[in-house]
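The lines below spell out each chain.
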Amino acid sequence: MSSVNLVAREVAVKIVFYGPGLSGKTTTLRKVYETVRPAHRGEMMSIATEGDRTLFFDFLPVKVERVNDCTVRLALYTVPGQVFYNATRKLVLQGADGVVFVADSQPEMMDANRESLANLEENLLEQGVRMERFPLVFQWNKRDIAKALSVAELRAALNPRNVPDFETEAISGLGVLDALKAITRLVIQDLRAKRIVPPLRPATPAIPSLGGPKASGGGGLEAQLSQLAGRTPAVTAPAAATAPAPAAVARPSRSMPAIGAQPQVQVAPPIAPPALTGQRPLGPASALAPSDLFDHARAAEGAFASGEYETCVQACLDAARRGLAFVGEGPLGAQAHLLHVDGGDLLKLQTLAARSSNRVDDAAFALYVLMQIFSRLHAAGLPAPTTE
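Residues numbered from 1 in each chain as written. Predicted model: local features only at pLDDT ≥ 70, side-chain atom pairs only at ≥ 80, totals over all residues. Heavy atoms only, no water.

Asks: In this structure, what is going on with the nonpolar core? I would like to understand it.
Replies: Within soluble globular proteins, side chains that are nonpolar generally end up buried alongside one another. Ranked by internal contacts, the top residues of the largest apolar core, which has 37 residues, are Leu-324 and Ile-373. Listing elements by their share of this core, those giving two or more residues are α8 (294-305), α9 (309-324), α10 (332-338), α11 (343-354) and α12 (360-380). Sort the elements by how many residues they give to this core and α12 lands first, with 12 residues. When residues no more than four places from it in sequence are discounted, the contact partners of Leu-324 are Leu-332, Gln-335, Ala-336, Leu-339, Val-341, Leu-346 and Ile-373. Counting 30 residues, the second-largest nonpolar core is a separate cluster that includes Leu-29, Val-36, Phe-166 and Ala-179. (Core = buried A, V, L, I, M, F, W, Y, C linked by side-chain atoms within 4.5 Å. Buried < 20%, exposed > 50% of the residue type's maximum accessible area, 1.4 Å probe, protein only. Helix = DSSP H or I, 4+ residues; strand = E, 2+ residues; numbered from the N terminus. Contact = heavy atoms within 4.5 Å.)

Asks: Would you mind showing me how to read the packing of α8 against α9 here?
Replies: Helix packing for two helices is described by the angle between their axes and how far apart those axes are. It is at 8 Å that the axes of α8 and α9 come closest, and there the two elements cross at 160°. Classified by the angle between their axes, α8 and α9 sit roughly antiparallel to one another. For the crossing formed where α8 meets α9, the hand is left-handed. Residues His-296, Ala-300, Ala-303 and Phe-304 of α8 form the contact with α9, whose own contacting residues are Tyr-309, Thr-311, Cys-312, Ala-315, Cys-316, Asp-318, Ala-319 and Arg-322. Considered class by class, the residues forming the contact of α8 with α9 number 8 nonpolar, 2 polar and 2 charged. (Axes fitted to C-alpha atoms, helices over the stretch in contact; angles between N-to-C directions. Parallel < 35°, antiparallel > 145°, perpendicular 65-115°, else oblique. Left-handed = near helix turned anticlockwise from the far one by under 90°. Nonpolar A, V, L, I, M, F, W, Y, C, P; charged D, E, K, R; others polar.)

Asks: How do you make sense of helix α4 (residues 151-158) when you look at a structure like this?
Replies: Two residues of an α-helix separated by three or four positions point the same way, owing to the 3.6 residues in each turn. Taken together, the buried positions of α4 are Val-151, Leu-154, Arg-155 and Leu-158. Buried residues of α4 fall within an arc of 100° about the axis and therefore sit on the same side. In α4, the exposed positions angled more than 90 degrees off the buried face are occupied by Ala-152 and Ala-156. (Arc of directions from axis to C-beta.)

Asks: Help me understand the packing of α8 against α12, please; the structure alone is not making it clear to me.
Replies: Remark: α8 packs on α12, axes separated minimally by 11 Å, with the N-to-C direction vectors making an angle of 160°. Here α8 lies roughly antiparallel to α12, going by the angle between them. Here α8 runs over α12; the crossing is left-handed. Along its contact with α8, which presents Ala-297, Ala-300, Glu-301 and Phe-304, the element α12 presents Val-360, Ala-363, Ala-364, Leu-367 and Phe-374. In the contact of α8 with α12, the residues fall into 8 nonpolar, no polar and 1 charged.

Asks: Can you help me understand the pattern of salt bridges in this one?
Replies: Following the criterion strictly, the structure yields 13 salt bridges and no others. For the salt bridge of Asp-104 with Lys-142, the shortest nitrogen-to-oxygen distance reads 2.8 Å. In this pair, Asp-104 sits in strand β6 (residues 98-104) while Lys-142 sits in the loop between β7 (136-141) and α4, placing the two residues 38 residues apart along the sequence. Lys-142 carries the same exposure label as Asp-104, and that label is buried. Residue Glu-108 is joined to Lys-147 by a salt bridge in which the shortest nitrogen-to-oxygen separation is 2.8 Å. In this pair, Glu-108 sits in the loop between β6 and α3 (110-126) while Lys-147 sits in the loop between β7 and α4, placing the two residues 39 residues apart along the sequence. What makes Glu-108 partly exposed here is its relative accessible area of 48%. Its relative accessible area of 46% is what places Lys-147 among the partly exposed residues. (Salt bridge = Lys/Arg side-chain N within 4 Å of Asp/Glu carboxyl O.)

Asks: Teacher, can you tell me more about helix α2 (residues 86-93) here?
Replies: When you tally the buried positions in α2, you get 6 out of 8 residues, the bulk of the element. Turning to α2, its buried residues are Asn-86, Thr-88, Arg-89, Leu-91, Val-92 and Leu-93.

Asks: Could you clarify how one ought to interpret the pairing of strand β2 (residues 10-18) in this entry?
Replies: Residues in a regular strand project their side chains so that they alternate between the two faces of the sheet. Of all 9 residues in β2, 8 are buried, a share of seventy percent or more. In terms of strand pairing, β2 meets strand β5 (residues 70-78) through 8 bridges, oriented parallel. Looking across to β5, one finds that Glu-10 is bridged to Thr-71. Of the strand pairs in this sheet, β2 and β6 are connected by 4 bridges, and their pairing is parallel. Bridged to Val-16 within β6 is Val-99. (Pairing = 2+ DSSP bridges.)

Keep in mind that these numbers describe shape and distance, not what the molecule does.
Right, here's the structure in full:
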């Protein structure tokens with residue numbers, strides 16, 4: 001889902017937190033949300049069942065380091081832990097640039113960890129992605145529990161490739177940002193290898209800043225995330241353009257080697273256009289929407305965010321009908337069948353739209369159906385690009 005917005009000077013990447021139910025995915029995301037200063041975070045959307053399990057998605061955009069003169073915006077998602085919701089897992093995972101696998105350290109959860117990891121590999125393969133070539137880090141969560149398995153046991157069972165892994169306690173936040181830093185580095189390195197984002201420029205002299213005689217020349221992602229959290233970074237690189245200073249990591253279970261040999265280059269941030277200030281970030285539906293339906297998806301998400309659930313359901317049904325019309329003329333059911341959209345879901349959406357009032361779970365379901373339609377349209381190559 002990575003994209004480059006030259007107008008906003010942003011590189012948007014998608015990171016998904018995967019793992020079994022109740023392993024701590026949503027708690028991790030909430031801790032990131034609490035840690036990041038309000039000026040640098042977007043709106044968090046969370047849909048949960050009575051058991052406090054994520055049913056659809058959490059979505060949290062966070063601005064982090066710069067790639068040359070572009071800001072990196074992270075869109076953080078979680079998937080539902082239960083296998084029953086695998087269709088939703090697939091939708092949320094679609095277009096992901098990296099995954100943080102949140103494993104439960106309790107012995108009785110090892111089978112669930114293995115099942116969820118195998119499910120991740122299967123769902124990635126359906127997208128034509130091999131997990132061994134995909135940015136991935138592990139969180140060994142719930143390390144504060146006395147009966148937790150040793151890190152060596154968890155690595156042997158779940159991490160044979162020795163990708164970066166971290167001991168975490170999602171409730172306290174210990175190790176959570178370290179895992180986020182690691183997956184962000186891996187994703188940026190992967191995007192550079194794919195030439196989606198430009199490579200690092202040659203080192204340039206430090207640029208004076210308003211805060212002092214010299215701009216900070218190092219720290220990179222470490223410094224940026226520390227600043228987002230309102231903390232002073234633990235390590236500051238020297239001003240001389242020699243070797244980059246190693247990033248400080250709070251308490252990972254293993255020392256992670258620095259990714260890439262090039263020094264971090266700090267460039268004076270451009271002045272953002274006033275029109276972009278306070279702009280609502282993309283939600284999951286608008287991120288999947290074809291350009292012709294982008295405004296409709298944004299309207300539905302805006303209604304959801306403001307608690308206007310009836311308006312959200314109606315907007316989703318209207319966008320769904322417009323999306324299905326790209327398949328061709330005919331009854332709505334026939335269009336859904338041709339696009340391989342679940343007819344039962346579409347019928348339920350129509351039923352919800354006919355009600356006089358709707359709840360939050362009704363609106364969340366409507367957004368899910370809309371995301372499903374957008375995903376099927378994308379897979380079918382619809383709408384066809386216009387030619388001059």
